[in-house]
Protein chains: 2
Amino acid sequence: MKVIEGGVCAAKGFKAGGVVAGFKKSNIEKNKKDLAVIYCEKECSAAALYTRNKVKGAPIIVTQKNLASTGGRARAIAVNSGNANTCNPDGVEIAEKVCALTAQSLGIDKSGVIVASTGVIGQKLDFAPFETGIPELVGKLSETGSADACDAIMTTDTRRKEYAVEFELDGVKARVGGICKGSGMINPNMATLLVFITTDANIGAAMLDKALREVNADTFNMICVDGDTSTNDMACVMASGLAGNAEITGENNGYAEFAAALRFVMTYLARETVRDGEGAKKLIECRVTGSPDEKTAKSIAKTVISSSLLKAALSAADANWGRILCAVGYADGDFEVDKIDVNIAGIPVCKNGAGVPFSEDEAFKRLSGDEIIIEINLNSGDRGAVAWGCDLTEEYVRINADYRS
Amino acid sequence: MKVIEGGVCAAKGFKAGGVVAGFKKSNIEKNKKDLAVIYCEKECSAAALYTRNKVKGAPIIVTQKNLASTGGRARAIAVNSGNANTCNPDGVEIAEKVCALTAQSLGIDKSGVIVASTGVIGQKLDFAPFETGIPELVGKLSETGSADACDAIMTTDTRRKEYAVEFELDGVKARVGGICKGSGMINPNMATLLVFITTDANIGAAMLDKALREVNADTFNMICVDGDTSTNDMACVMASGLAGNAEITGENNGYAEFAAALRFVMTYLARETVRDGEGAKKLIECRVTGSPDEKTAKSIAKTVISSSLLKAALSAADANWGRILCAVGYADGDFEVDKIDVNIAGIPVCKNGAGVPFSEDEAFKRLSGDEIIIEINLNSGDRGAVAWGCDLTEEYVRINADYRS
């Protein structure tokens, strides 16, 4: 597996782009792109996962309907930032108009369009920026357009999250690439934030859906910035088949190769998402081992990286491991507290559920870096899990105190 | 029901006090009291609730054992702040020594002592400060000692939380009063933080336990500061019986009168706890009505007041109601999103799940106060619930970044 350039356009057949359409006045002033299209020259298999929030954005509803009507086939993705098109009486109508206009401009069927929105909830989404933006964007689509598309879907994100790999698949070269956005309102449950993956692997919709679900459970479902599950989370993948491998129809070697590449890309994007968490300065990785089952390991890993108190302590490079034990204690699952060992940044701080002496100076030095690894061994089995989070800083509060203005 | 002075000593038979014992060096430098005793001249019925965190402080284990061995009878409470005595190999031994010394100094049985600790987790608790502190304290106990005891149990708290009422009980005057501490690591599950209630009502241990459970479910279990459930949470109540009412042995009128007084005191203390949440400037009260059942109403109310994004928005007086709908959407329960109405500070912002126009200026003005009421009507039944939280400010992060230092 080789990391390559090209992001969401690295796979054969895909073009993308982003423009300033003006969904917020300030976007025009700051020349901030806010409308993106990803397009494939060939009809693709497609699969998507959606937020489990009961309040769902209108684009989620329309995309679910479109993919159901085509039986998992799609040609394009249209996304705006700056407005979530959620809790609006005319939201579904607007999202359908976006699909129709995108389809018309590209000369494809409107049910082949995946639509997504991200931004403020509960503000009417004006259609006018689409009317000028979509045709302009369609004229600009290119194989080097991944960065522009990525810029256009960002909100409070401070950096692009794009990635691609090339890998051997059934004797041919294939590619998986993607972009995502997300920085706050991040505690995915099922699917998450906005994640757009493309591949030229030849794989049918059912197997694509299976791979996406499996990989998502270990990647985007294992991150948390602030415990808030968004109304507009969506992760989708489109497969053009242009790599030329024999179609993946079951769990054969090709499936394993494809799933490994997808996992590589989605793990990278998930980690980058929390590294760019609102106000975050540090990535926190929690590795749980020795668990009697995977569910307990996942629950503990995710509970630890979600603890506000631990996140605040780590922002100051404070090895306050008692807060790790405290978080472990309110995670779901059955385990014996007095068997637990904890290392922070490689330093043993707790053995058999009780503290052991360690050098605070050395700990402070190691925790001052931009990645912190917490290892928790339950010493009660052989299953494990990993979760990723970020530190909690004053900047998080500043960002979210005046998000709408 | 009449609010009276005296806090945890308002009920007949109780004395209390607090001293500087020196569990942290800085406590001596700052003359910060850190050891408290509450004592009753007569043996009391007693009941307590404990944290559901699987990691439990040693004092929790010892108190559970003591109350079990006496069948719900107690004479005194001994509490230190500055060290949680949790995750220490010799924690239980130290907690038992505290009970023995307190009992010896007071001339009572050691199984009649309720012991509690709060502070840093995973640091050895030195016994020496108890050796000098307990005898000094026992010599100083007084009927006006509630404030000193309250000062001694505070950690990051910025204000005393004490309250008492006098009420009519079965034709006689009775009193319920209490003190509590808690500011961070607050997301009680079952019992919470440290809450010490006293009463002179004549009520047996079983009915006292029942009243405490019922009232706690609607008060301390309905607050959240930061989503972290502490290892040392404890709420306990001692009843001296000195008011002279006929003993409450069942759910008669006397029980209802007593439970109402207990609810009044515990509601006050719970609200004051979140008002004094770490870094908090505003109290947020979320009232859910029109729910098909109480569980759904409680889940929604608690999820809303726990949302970091909403808490950050309210710190800046921003009526970002989309974040309320988003939080409602990931609460447990079955309800129809398009029937939901939301008012913020009396201003309708959402009808039938969609936004309605409102004056942002008026909203900003109303949200700039120090209490914000959010009303959510599900329009799907007649059950309701109330939860209390606080805003999230940069100060929260500052406090928790360097708590140990």
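Computed from a predicted structure; not experimentally measured.

(A) Main features of the sheet that holds strand 14 (residues 371-377) of chain A. All names here are of chain A. Here we have 6 strands laid out as an open sheet, ordered 13-12-11-14-10-15, and mixed in their pairing. Edge positions in the sheet fall to strand 13 (354-355) and strand 15 (383-390), since each of these pairs with one other strand and no more. Relative to strand 13, strand 12 (residues 347-351) runs antiparallel, the two sharing 2 bridges. Of the residues in strand 13, the one forming a bridge with cysteine 350 is glycine 355.

(B) Examining the interface of chain A and chain B more closely. The interface of chain A with chain B comprises 52 residues on the first partner and 52 residues on the second. When chain A packs against chain B, the two sides together hide about 4200 Å² of surface, and 57% of this comes from carbon and sulfur. Linking chain A with chain B are 2 salt bridges, by the criterion used here. For Glu394(B), the salt bridge goes to Arg398(A), with nearest N and O atoms at 2.7 Å. Counting across the chain A and chain B interface gives 10 residue pairs in polar contact (both at pLDDT 80 or more). Where the side of chain A that touches chain B is concerned, the elements lending two or more residues are helix 9 (308-315), helix 10 (322-329), strand 13 and helix 12 (394-401) of chain A. No other element matches the 6 residues that helix 12 of chain A contributes to the side of chain A that touches chain B. Partitioning the side of chain A that touches chain B into residue classes produces 23 nonpolar, 17 polar and 12 charged.

(C) Structural context of the packing of aromatic side chains. Summed over all chains, the structure comprises 8 aromatic pairs over all chains. Ring geometry for Tyr163(B) against Tyr268(B): centres 3.6 Å apart, planes inclined by 10 degrees, an arrangement best described as stacked. Taken as a pair, Tyr163(B) in strand 6 (residues 161-169) and Tyr268(B) in helix 7 (residues 253-275) lie far apart in primary sequence, 105 residues in all. Residue class for Tyr268(B) comes out partly exposed when judged on its relative accessible area of 29%. Members of the aromatic cluster, joined through ring pairs, are Phe23(A), Phe127(A) and Phe130(A). Over the ring of Phe127(A) we find Lys97(A), and its NZ or CZ is 4.5 Å from the ring centre.

Conventions adopted
- Residues numbered from 1 in each chain as written.
- Chains lettered and ligands numbered in written order.
- Predicted model: local features only at pLDDT ≥ 70, side-chain atom pairs only at ≥ 80, totals over all residues.
- Heavy atoms only, no water.
- Pairing = 2+ DSSP bridges.
- Helix = DSSP H or I, 4+ residues; strand = E, 2+ residues; numbered from the N terminus.
- Contact = heavy atoms within 4.5 Å.
- Buried area = accessible area lost by both parts, 1.4 Å probe.
- Salt bridge = Lys/Arg side-chain N within 4 Å of Asp/Glu carboxyl O.
- Polar contact = N/O pair within 3.5 Å; in protein donor to acceptor, adjacent residues only side chain to side chain.
- Nonpolar A, V, L, I, M, F, W, Y, C, P; charged D, E, K, R; others polar.
- Phe/Tyr/Trp six-rings, centres within 6.5 Å; stacked < 30°, edge-to-face > 60°.
- Buried < 20%, exposed > 50% of the residue type's maximum accessible area, 1.4 Å probe, protein only.
- Lys NZ or Arg CZ within 6 Å of the ring centre and 35° of its normal.

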